[in-house]
Amino acid sequence: MPRDTAFIRSHGHDPRGPDADARSRRAEQRARADAIHQALVDESARLNAAIEQGAIAVLDTMFGPYQVARITGDLWALCHRLGSPPRASMSRSFALCNDGTWRDLLDQAGVSRHPIFEP
């Protein structure tokens, strides 16, 4: 089907498909989202390594303080009550996000933020 060049000239876009600028913006947004995801994966791997080497990161929750035992790839903190030995019956999982709490956990364990998150 031929494109209506008069419509495109008068309205500045083709209504039957995205223009090159929109495709380019979406590609940039996808690349940025992928870079952020990879940076969080890197941070969680470094935080897990620090915890395995003896660093302590404490998550303050509505249930009291919990010591982080491990971070999963999708930013869930697997924790046990601060001061108690890790036991499955006393463990809890908490969902995290890339915010001040995440930064605090990294700081407590001595893990630096990924450069993509630094101003």
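I will try to describe carefully the structure that is included in this document. All values derive from a computational prediction rather than experimental measurement. (Residues numbered from 1 in each chain as written. Predicted model: local features only at pLDDT ≥ 70, side-chain atom pairs only at ≥ 80, totals over all residues. Heavy atoms only, no water.)

**Let's talk about the environment of Arg 92**
- Of note, Arg 92 is situated in strand β4 (residues 91-95).
- On the accessibility criterion, Arg 92 (35% relative accessible area) is partly exposed.
- Along the sequence, Arg 92 and Cys 79 sit 13 residues apart, while their C-alpha atoms lie 5.4 Å from each other. (Helix = DSSP H or I, 4+ residues; strand = E, 2+ residues; numbered from the N terminus. Buried < 20%, exposed > 50% of the residue type's maximum accessible area, 1.4 Å probe, protein only.)

**Considering the nonpolar core**
- Counting 21 residues, the largest nonpolar core has Leu 47, Leu 59, Val 68, Ile 71, Leu 96 and Trp 102 as its most contacted members.
- When residues of this core are traced back to their parent elements, those giving at least two are α2 (20-52), β2 (64-71), β3 (76-81) and α3 (100-109).
- The greatest single-element share of this core, amounting to 5 residues, is contributed by α2.
- Aside from chain neighbours lying at most four places away, what touches Val 68 is Ile 51, Ala 57, Leu 59, Ala 77, Leu 78, Cys 79 and Leu 105. (Core = buried A, V, L, I, M, F, W, Y, C linked by side-chain atoms within 4.5 Å. Contact = heavy atoms within 4.5 Å.)

In short, shape yes, function no, at least from these values alone.
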